[in-house]
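# Coordinates in review
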Amino acid sequence: MVSRQPGKLIEGLSPIARRKLSDEVFDKLKHLIEVGELKPGDEVPSERMLMESLHVGRPAIREAMQALASRGLIEISQGERSKVVPLTAKSLIQQVDMAAKMLLAGSPSSLEDLKAARLLFERGVVREAALKANSFDIEQLKVAIQNQKKSLGQPDAFIAADMAFHTQIARITRNSVFCAVSEAMLNWLQAFHIELLRRSGKEGVTLSEHEDILEAIRSGNADLAEAALVRHLERSRDLYVARPDAPI
């Protein structure tokens, strides 16, 4: 038996935290998803059904549902029942999307780290693409470049086409994780790119570099493809700078 003097805490013990009802609801619904009682595509029971089954109020249900949605486990649609979503590499990475943008907006060093990570990541991806690309893949890269040419003078559209070119390279690898990571990094960098691109006048250089990358991938030479990509990203990395007004 542990004895203690009045007014003194027992060393090694801390108060037991009282859990919110919404946390309990979240755990129960997450368990149903984990064990397969609720499968991808299934509708989540209605708020009323959950309230009656769990003996909790509507606020606890709604807070738990929002928590499930923020973790990419369910999709909430206005006027429709929420549904369980299939877990993919993309949905998992999207869970940190907002936090990543906030980190980058407030930390210039984190932006530099992301640019370095992108360079290392895309070097490996483009090598894989050069070894795996078929005629259809090459045509898709050509389409991406043509769309970028059509977007000259339209910074937003030009950058969207730029991102499409790079994500298409990732798709050539047939690796869903590579595709998800590529899209995420480009999305995070986008907010720090547009204003400088409007003033840089380097759109023609970007297009020329993309065509060099395309030709290197078409050749099947991984070394050439990597070298072309490195030249492109090293030259363009200064177009991404931290801005206090960057949208999140």
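Given the structure is predicted, the values throughout are model-derived calculations rather than measurements.

## A short note on the overall build of the chain
- When its secondary structure is counted, the chain shows 12 helices and 2 strands.
- Mapped from its N terminus to its C terminus, the chain presents α and β elements in the order α-α-α-β-β-α-α-α-α-α-α-α-α-α.
- The buried share of the chain, taken over its 248 residues, is 38%.
- In the chain, 73% of the contacts between residues at least 6 apart in sequence involve partners at least 24 apart.
- Surface exposure of the chain reaches about 14600 Å², of which carbon and sulfur atoms provide 55%.

## Some remarks on the pattern of salt bridges
- Taken as a whole and judged by the stated rule, the model has 20 salt bridges.
- Between Glu-112 and Lys-115 there is a salt bridge whose closest N-O contact spans 2.8 Å. Of the two residues, Glu-112 and Lys-115 both sit in helix 6 (residues 108–132), 3 residues apart, roughly one turn of that helix.
- According to the relative accessible area criterion, Glu-112 is partly exposed, its value standing at 37%.
- Between Glu-211 and Lys-149 there is a salt bridge, with its nearest N and O atoms 2.9 Å apart. Placement of the pair is Glu-211 in helix 11 (residues 203–219) and Lys-149 in helix 7 (residues 135–150), with a sequence separation of 62 residues.
- When its relative accessible area of 33% is taken as the criterion, Lys-149 is described as partly exposed.

## What about helix 11?
- Along its 17 residues, helix 11 runs 25 Å from first to last C-alpha, staying within 8% of the 24 Å computed at 1.5 Å per residue.
- Among all positions of helix 11, only Glu-203, Thr-206, Leu-207, Glu-209, His-210, Ile-213, Leu-214, Ala-216 and Ile-217 are buried.
- Phi turns positive, to about 80°, at Gly-220, one or two residues after helix 11.

## Re unusual backbone geometry
- Here the phi dihedral of His-55 falls at roughly 55°; this positive angle occurs in a residue that is not glycine.
- Along the chain, His-55 falls in the loop between helix 2 (47–54) and helix 3 (58–70).
- One non-glycine residue, Arg-174, lies in the positive phi region at around 60°.
- Tracing the chain through its elements places Arg-174 in the loop between helix 8 (155–172) and helix 9 (176–190).
- The partly exposed category is assigned to Arg-174, whose relative accessible area is 48%.

## Quick word on the nonpolar core
- Ranked by size, the top nonpolar core spans 35 residues in total, and within it Val-126, Leu-141, Phe-165, Ile-169, Trp-188, Ile-213 and Ile-217 carry the most contacts.
- Elements supplying a minimum of two residues to this core: helix 5 (97–106), helix 6, helix 7, helix 8, helix 9, helix 11 and helix 12 (222–236).
- At 8 residues, helix 6 tops the list of elements feeding residues into this core.
- Setting aside residues no more than four positions away along its own chain, Ile-213 makes contact with Val-126, Phe-165, Ile-169, Ala-228, Leu-229 and His-232.

## Focus on the packing of aromatic side chains
- Inspection of the entire model under this criterion finds 1 aromatic pair.
- Pairing Phe-121 with Phe-178 gives two aromatic rings, centres 5.9 Å apart and planes at 80°, and the pair type is edge-to-face. Taken as a pair, Phe-121 in helix 6 and Phe-178 in helix 9 lie far apart in primary sequence, 57 residues in all.
- Residue classification places Phe-121 among the buried positions, given a relative accessible area of 18%.
- Look at Phe-178 and you get partly exposed, because its relative accessible area is 28%.

## Digging into the confidence of the model for the chain
- Residues with a pLDDT of 70 or more make up 86% of the chain, whose mean pLDDT is 86.
- When pLDDT is averaged over each element of the chain, helix 7 comes out on top at 96 and helix 10 (residues 194–200) at the bottom at 52.
- Segment residues 244–248 is flagged for pLDDT under 50; beyond a separation of four residues in sequence, or across chains, it makes 7 contacts in the model.

Cut-off values and rules
Residues numbered from 1 in each chain as written. Predicted model: local features only at pLDDT ≥ 70, side-chain atom pairs only at ≥ 80, totals over all residues. Heavy atoms only, no water. Helix = DSSP H or I, 4+ residues; strand = E, 2+ residues; numbered from the N terminus. Buried < 20%, exposed > 50% of the residue type's maximum accessible area, 1.4 Å probe, protein only. Contact = heavy atoms within 4.5 Å. Areas by Shrake-Rupley, 256 points an atom, 1.4 Å probe, with all protein chains shown as cover. Salt bridge = Lys/Arg side-chain N within 4 Å of Asp/Glu carboxyl O. Expected span 1.5 Å × (residues − 1). Core = buried A, V, L, I, M, F, W, Y, C linked by side-chain atoms within 4.5 Å. Phe/Tyr/Trp six-rings, centres within 6.5 Å; stacked < 30°, edge-to-face > 60°. pLDDT = per-residue confidence, 0-100.

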